[in-house]
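Coordinate inspection notes
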Amino acid sequence: MALAVGCRARPGKSRDNKTGSWRVFKPVFDREKCTKCGLCMTLCPEGCIHETEEEFVAPDYTYCKGCGICAEECPGEGIKMILEEK
Amino acid sequence: MMEITEGSHAVAEAVRLCRPQVISAYPITPQTHIVEALAEMVANCQLDAEYITVENEFSALSACIGASAAGSRTYSATTSQGLALMFEVCFNAAGMRLPIVMSIANRALGAPLSIWNDQQDSISLRDSGWLQFYAEDNQEATDLHFLAYRVAEDHSILLPAFVCFDGFILSHTYEPIDMISQEDVDRFLPKFSPYERLDAADPISFGMYATPEYYHEFRYEMDRVLKQSKAIIQKTGKEFSRMFGRDYSAMVEGYRLEDAETAIVALGSICGTTKDAIDEMREEDKKVGLLKIRVFRPFPTEDVAKALAHVKNVAVLDKNISLGAKGALALEIKDALYSSGIPVKDYIIGLGGRDVRKKDIKAIVALVEKDQGDIFYGLRREVL
């Protein structure tokens, strides 16, 4: 991608920025413990946790930075942060 | 038309003739008279511009960024602590490639508080990506505004520019000024044509974030463009001289330098005093000349090397000090002459408004000829 003068950008540019590459720890969701309370979706600063078709919630690892807020806040302790080898 | 005008008012008039559409500034000594005069022109309908009053300099330049991004020719003016408060905004304006022009009535930086002249303020922003022009007198300060807008707004450049002129020494001095007519300014400086602009119908953001994969290249691009602007400055200066007779086609200017053995290098109003001192030294058969640096960023390294290739000694006058190193101008001159072997000595002079007179210039020439330099000149040792 060629540089835009003055780093100018049209809307939607944040989608091109795959922040998942920043991650060190990866949140892994336990389907058994999930009650779909939605706290992780509400609190995720990246807004990258969504409901899936299988009536479950899951992060989009393309953008998940691995901050760990979801794991910290999950009332059922259903999210574990696992060191990710790349 | 020739008129006797205070430096600040001449600059304000030059800015009016450039037809800025948005002005945002905060008053600070010794810049105040410029923005007071412009505010009056706007209030009296002599200038059709939006004058945005703000609570400080950070906001002033931020307002200019918004206005410039929205597609307006934009102007501000400041000095010293005001410029220091704009530090972050200066880097943003340059990084967003917005051709804002700002006058700097050069003044010392505190602490200790000083309202008097040196050039520490603009020199301290040498790495920000702004072009930096320095004026020797008020005629040059006036003319450089027309030049600065033309160069800054060139679509191959798109960088903001400082026009620096020494606070009080120039800003508060009355001199005869040949003011260009509106018609002529309009011929030289066409209507502002923004490269891209904010538009609600076609949204765009300026100065977005760059990951480590891109930031390095953005800085390279700014450096490349700033260096490329040397050719545009010379071309535009040549055009100015064809139209109005005053020659700004070179970024450096020699005075009695052709056969000089000792060269003085300086920025700003001290060049005038130096020329008078040189005339007197020439009467005594001393082969002394001056190389005046009109453009400090981009730095005309090649021009300096060429202009000084034949001299035996170089004395650099610095109205600034990069504390813990040397004067900023001396560092550039030493770099330009590195492979030539010509000795270059630095003299820190006139900080915080200390007067520099012809006798001081002569004393510095005597010092450099004895190979003594890289000093604060004229230290009052009794107070140390």
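Residues numbered from 1 in each chain as written. Chains lettered and ligands numbered in written order. Predicted model: local features only at pLDDT ≥ 70, side-chain atom pairs only at ≥ 80, totals over all residues. Heavy atoms only, no water.

1. Focus: the confidence of the model for chain B
Parts of the model with low pLDDT should not have their predicted coordinates read in detail. Mean pLDDT for chain B: 97, with 100% of residues reaching 70 or above. We note a pTM of 0.92 for the whole complex and an ipTM of 0.79 for its interfaces. (pLDDT = per-residue confidence, 0-100.)

2. Remarks on the nonpolar core
Residue and element names in this part refer to chain B. Ile293, Leu308, Val314 and Ile333 are the most contacted members of the largest nonpolar core, which has 103 residues in total. Both domain 1 (2-244) and domain 2 (252-383) contribute no fewer than three residues apiece to this core. Beyond its immediate sequence surroundings of up to four residues, Ile293 is in contact with Tyr134, Met251, Val252, Val265, Ala266, Leu267, Phe299, Val304, Leu329 and Ile333. If you look at the next biggest cluster of nonpolar residues, it comprises 19 residues, including Ile264, Ala266, Leu290 and Ile361. (Core = buried A, V, L, I, M, F, W, Y, C linked by side-chain atoms within 4.5 Å. Buried < 20%, exposed > 50% of the residue type's maximum accessible area, 1.4 Å probe, protein only. Domains from an automatic or database assignment. Contact = heavy atoms within 4.5 Å.)

3. Here we look at the sheet that holds strand β9 (residues 252-255) of chain B
Backbone hydrogen bonds are what pair the strands of a sheet, in a parallel or an antiparallel way. All names here are of chain B. Taken in spatial order, the 6 strands make up an open sheet running β9-β11-β10-β13-β14-β15, and their pairing is mixed. For this open sheet the edge positions go to β9 and β15 (375-376), each flanked by a neighbour on one side alone. Note: strand β10 (residues 262-266) against strand β13 (residues 313-318), 4 bridges, orientation parallel. Paired with Thr262 across the two strands is Asn313, which belongs to β13. Packing of helix α12 (residues 328-336) onto the sheet brings it into contact with β10, β11 (288-293), β13 and β14 (344-348), and relative to β13 it is tilted by some 150°. On the sheet, helix α13 (residues 358-369) packs against β10, β11, β13, β14 and β15 and is oriented at approximately 135° with respect to β13. (Pairing = 2+ DSSP bridges. Helix = DSSP H or I, 4+ residues; strand = E, 2+ residues; numbered from the N terminus. Axes fitted to C-alpha atoms, helices over the stretch in contact; angles between N-to-C directions.)

4. So, the layout of surface pockets
Residue and element names in this part refer to chain B. What the second largest pocket holds in volume is close to 400 Å³. Lining the second largest pocket are 19 residues, with Leu109, Asp118, Gln120, Ile321 and Leu351 sitting closest to its centre. Considering only residue class, the lining of the second largest pocket consists of 11 nonpolar, 6 polar and 2 charged. Each of two domains, domain 1 (2-244) and domain 2 (252-383), supplies a minimum of three residues to the lining of the second largest pocket. (1 Å grid on protein atoms, 1.4 Å probe; cavity = no way out; pocket = protein on both sides within 12 Å on 5 of 7 lines; lining within 4 Å. Points joined across faces, edges and corners; volume = space filled by probe spheres on them. Nonpolar A, V, L, I, M, F, W, Y, C, P; charged D, E, K, R; others polar.)

5. A word on the sheet that holds strand β4 (residues 74-78) of chain B
Residue and element names in this part refer to chain B. The mixed open sheet is built from 7 strands, whose spatial order is β3-β2-β4-β5-β7-β6-β12. The outermost strands of the open sheet, each flanked by one partner alone, are β3 (50-53) and β12 (295-297). With direction set aside, neighbouring strand axes in the sheet form an average angle of 20°. Judged from the 4 bridges that link them, strand β6 (residues 131-134) and strand β7 (residues 161-166) form a sheet pairing that is parallel. Its bridge partner being in β7, Leu131 is matched across the sheet by Ala161.

6. Quick look at the environment of Cys34 of chain A
Residue and element names in this part refer to chain A. Looking at the element boundaries, Cys34 is found in the loop between β1 (25-29) and α1 (39-43). Considering only alpha carbons, one finds Cys34 and Cys74, 40 residues apart in sequence, at a separation of 8.7 Å. For Cys34, the contacting residues outside a window of four places in its chain are Phe56 and Val57.

7. Some thoughts on helix α3 (residues 57-69) of chain B
Residues and elements named next belong to chain B. Helix length check: α3 (13 residues) gives 18 Å between terminal C-alpha atoms against 18 Å at 1.5 Å per residue, within 8%. Within α3, 10 of the 13 residues are buried, which leaves it mostly tucked inside the rest of the structure. Here the buried face of α3 lies against β2 (22-25), β3, β4, α4 (80-85), α5 (87-95) and β5 (101-106). Of the residues that open α3, the one with a side-chain oxygen 2.9 Å from the backbone nitrogen of Phe58 is Asn56. Phi turns positive, to about 105°, at Gly71, one or two residues after α3. (Expected span 1.5 Å × (residues − 1). Polar contact = N/O pair within 3.5 Å; in protein donor to acceptor, adjacent residues only side chain to side chain.)

8. What about unusual backbone geometry?
All names here are of chain B. Cis geometry is adopted by the peptide bond preceding Pro30, which originates at Thr29 and carries an omega value of 0°. The topology assignment puts Pro30 in the loop between β2 and α2 (32-43). That bond from Gly110 to Ala111 is cis: its omega, 0°, falls within 30 degrees of zero. Note that Ala111 resides in the loop between β5 and α6 (120-123). Of note, Phe168 is a non-glycine position whose phi angle comes to about 65°, a positive value. With respect to the secondary-structure elements, Phe168 resides in the loop between β7 and β8 (174-178). On the accessibility criterion, Phe168 (23% relative accessible area) is partly exposed. Of note in this structure, Asp371 is not a glycine but carries a positive phi near 65°. One can find Asp371 in the loop between α13 and β15.

9. Section: the interface of chain A and chain B
Each partner contributes residues to the interface: chain A has 14 residues there, and chain B has 20 residues. By the criterion of area lost to chain B, the three top residues of chain A are Leu3, Cys7 and Arg8 of chain A, representing 44% of everything that side buries. Counting across the chain A and chain B interface gives 3 salt bridges. Residue Arg10 of chain A pairs with Asp202 of chain B through a salt bridge whose shortest N-O separation is 2.8 Å. At the boundary of chain A and chain B, one finds 8 residue pairs in polar contact (both at pLDDT 80 or more). Residues that form the side of chain A that touches chain B fall into these classes: 8 nonpolar, 3 polar and 3 charged. (Buried area = accessible area lost by both parts, 1.4 Å probe. Salt bridge = Lys/Arg side-chain N within 4 Å of Asp/Glu carboxyl O.)

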